[in-house]
Amino acid sequence: MDKTLEIELSEIRPKVLATALKFFRASRLEGDPEDVVQDVLLRLWVARRDGVPIRSAEAWAISITKNSCISLWRKKTPVRSGVYPEWLSDGNDASTLIEQSEVQRLADNVLERLPAGTRRLLQLRATGLSLDEIAAITGRTKGGVKSSISAARQELIKHFKTK
Amino acid sequence: MDRKGLIQLYLNAETTCQQERELAASFATVPPVDEEERAVYMMMQAVRPIELPDLPEADEEFDRMVGPSKVRPFFTWGLPLTGVAAAIAAVVLFTHKPEDHGMPDIPQNNYIEIIKQIAFLTNFNPAEAENLEFKPVGDGFVMTAHFPDGQTASYILTPLDGGESFNLVSLNQ
């Protein structure tokens, strides 16, 4: 765990939230500014992980927040989407991919039953973030994040066992 | 650690990121052997990493809609207040009649404080006004703010106790 990054994310979080809130009020955009905040902080995490040179993380994050807000405003829909992890599609033959497609359809139905915030925690984890980093991005405690992820996984496995 | 052990840790959210990658990779080589393993496999496929789409370069568009993100107090308050203070000072100087018992002698920088008090008491923001008009009335003056949307707001300020204090009355409905 990169302690510096965790602190950086926590320090920038309120400034990003303030900028997003300002936009949501001014544009009367419906939705949750928290989605923008998490999206921006995740982008900062990815940029740091990939070694993107950033002179001022705060200025960078505010600029990304503005871009993210405008992007959301143009779409008028929340920014949420996903892709298969690379490791899942490596070496799979056609029949496995067809099965995966069916599995994915069933899985999506099960996932939709989770609250959006909990689903987001699972997605952040699947993206490769540690519990500390997820806590910093979502503004929750590490213990809260861990118990939410654990509860969600216990809940999901019950549904998948019946499929 | 074997796969069963990893699965228990995974369900309790006690796995590291590396262990979760190992667990996922193990399903690519060894298929799930029972109901629990199959359920975990399905879950791991269902929860996908977040994709971050490209964003537009939209700083300017944002600023047009919301205003600059960094507000410098001097330019939002300092300049208008300085202008207001200068206008009031001009009104006072040109209308001052020493022989009358009228306008008290107030240091110029006190007018800034007066405007701040008007703003504080009335939710009036001089930075939002298109222009400010001052008319001497008796010992005091009437300040009328004209806003871009055509609305106006007027306040009458009269000195009390020889200028030690002021009486502020809003003339708005």
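Residues numbered from 1 in each chain as written. Chains lettered and ligands numbered in written order. Predicted model: local features only at pLDDT ≥ 70, side-chain atom pairs only at ≥ 80, totals over all residues.

### A word on the overall build of chain A
When helices and strands are tallied, chain A shows 8 helices and 0 strands. Tracing chain A from N to C terminus, the helices and strands come up as α-α-α-α-α-α-α-α. For chain A, the residues scored as buried account for 33% of the 163 residues in total. For chain A, contacts bridging at least 24 residues in sequence account for 69% of all contacts bridging at least 6. (Helix = DSSP H or I, 4+ residues; strand = E, 2+ residues; numbered from the N terminus. Buried ≥ 20, exposed ≤ 12 C-beta atoms within 10 Å, placed from the backbone. Contact = placed C-beta atoms within 7 Å.)

### Structural notes on the overall build of chain B
Assigned secondary structure in chain B consists of 6 helices and 4 strands. Ordered by position from the N terminus, the helices and strands of chain B form the series α-α-α-α-α-α-β-β-β-β. Expressed as a percentage of the 173 residues in chain B, the buried residues total 17%. Within chain B, contacts between residues at least 6 apart in sequence are counted, and of these 34% link residues at least 24 apart.

### Structural notes on the confidence of the model for chain B
Residue and element names in this part refer to chain B. Taken as a whole, chain B shows an average pLDDT of 74; of its residues, 58% reach a score of 70 or greater. Within chain B, the lowest mean pLDDT, 61, falls on helix α5 (residues 73-95), and the highest, 94, falls on helix α1 (residues 3-11). The model gives residues 69-75 a pLDDT under 50, and that stretch makes 4 contacts with residues more than four places away or in other chains. Two numbers describe this predicted complex: its pTM, 0.58, and its ipTM, 0.71. (pLDDT = per-residue confidence, 0-100.)

### Observations regarding the pairing of strand β1 (residues 131-137) of chain B
In the case of a regular strand, side chains alternate between the two sheet surfaces. All names here are of chain B. Both β1 and strand β2 (residues 140-146) contribute to a ladder of 7 bridges, which runs antiparallel. Residue pairing in the sheet places Pro136 in a bridge with Phe141 of β2. Adjacent in sequence and paired antiparallel, β1 and β2 are bridged by 2 residues, among which Gly138 carries a positive phi angle near 60°. (Pairing = 2+ DSSP bridges.)

### Some remarks on the environment of Leu124(A)
Topologically, Leu124(A) is positioned in helix α6 (residues 116-127). The class for Leu124(A) is buried, based on 25 C-beta atoms found within 10 Å. When neighbours within four sequence positions are excluded, Leu124(A) is seen to be in contact with Leu42(A), Leu129(A), Ile134(A), Ile137(A) and Ile50(B).

### Notes on the interface of chain B and chain A
By convention, interface size is frequently given as the accessible area that disappears when the constituent parts associate. Chain B puts 31 residues into the contact, and the matching count from chain A is 50 residues. Looking at the side of chain B that touches chain A, the elements that each hand over two or more residues are α1, α2 (17-29), α3 (35-46) and α4 (59-66) of chain B. Among the elements that line the side of chain B that touches chain A, the one with the most residues is α3(B), at 7 residues. Considered class by class, the residues forming the side of chain B that touches chain A number 22 nonpolar, 3 polar and 6 charged. (Nonpolar A, V, L, I, M, F, W, Y, C, P; charged D, E, K, R; others polar.)

### A few points about the nonpolar core
Core analysis: the largest hydrophobic core is formed by 51 residues, its most contacted members being Val16(A), Val40(A), Leu41(A), Ile134(A), Ile137(A) and Met43(B). Counting 5 residues, the second-largest nonpolar core is a separate cluster that includes Ala129(B), Phe141(B), Ala145(B) and Leu157(B). (Core = buried A, V, L, I, M, F, W, Y, C linked by C-beta atoms within 7 Å.)

### Side note on α1(B)
All names here are of chain B. Buried residues of α1: Ile7, Tyr10 and Leu11, and no others. One side of α1 holds all its buried residues, which, seen down the axis, span an arc of 90°. Looking at the residues trailing α1, positive phi occurs at Ala13, about 60°. (Arc of directions from axis to C-beta.)

### Considerations on the environment of Arg119(A)
All names here are of chain A. Residue position: Arg119 is located in helix α6. Separated by 33 residues in the primary sequence, Arg119 and Ala152 place their C-alpha atoms 8.2 Å from one another. For Arg119, the contacting residues outside a window of four places in its chain are Leu111 and Leu114.

### A short note on the confidence of the model for chain A
The predicted model of chain A has a mean per-residue pLDDT of 82, with 81% of residues at 70 or higher. Within the model, the stretch residues 77-91 of chain A combines pLDDT values under 50 with 27 contacts to residues more than four positions away or in other chains.

### Quick notes on the packing of α1(B) against α2(B)
Residue and element names in this part refer to chain B. One can describe the packing of α1 onto α2 by two numbers: an axis separation of 10 Å at closest approach and a directional angle of 130°. Judged by the inter-axis angle, α1 sits oblique to α2. Note on packing geometry: the crossing formed by α1 with α2 is left-handed. Residues Arg3, Leu6, Ile7, Leu9 and Tyr10 of α1 form the contact with α2, whose own contacting residues are Gln19, Glu20, Glu22, Leu23 and Ser26. When grouped by side-chain class, the residues that make up the contact of α1 with α2 number 5 nonpolar, 2 polar and 3 charged. (Axes fitted to C-alpha atoms, helices over the stretch in contact; angles between N-to-C directions. Parallel < 35°, antiparallel > 145°, perpendicular 65-115°, else oblique. Left-handed = near helix turned anticlockwise from the far one by under 90°.)

### Quick notes on unusual backbone geometry
Residues and elements named next belong to chain A. Its identity is not glycine, yet Arg28 carries a phi of approximately 55°, on the positive side. Within the element layout of this structure, Arg28 appears in the loop between α1 (3-27) and α2 (33-49). Of the residues examined, Arg28 has 7 C-beta atoms within 10 Å and is grouped as exposed.

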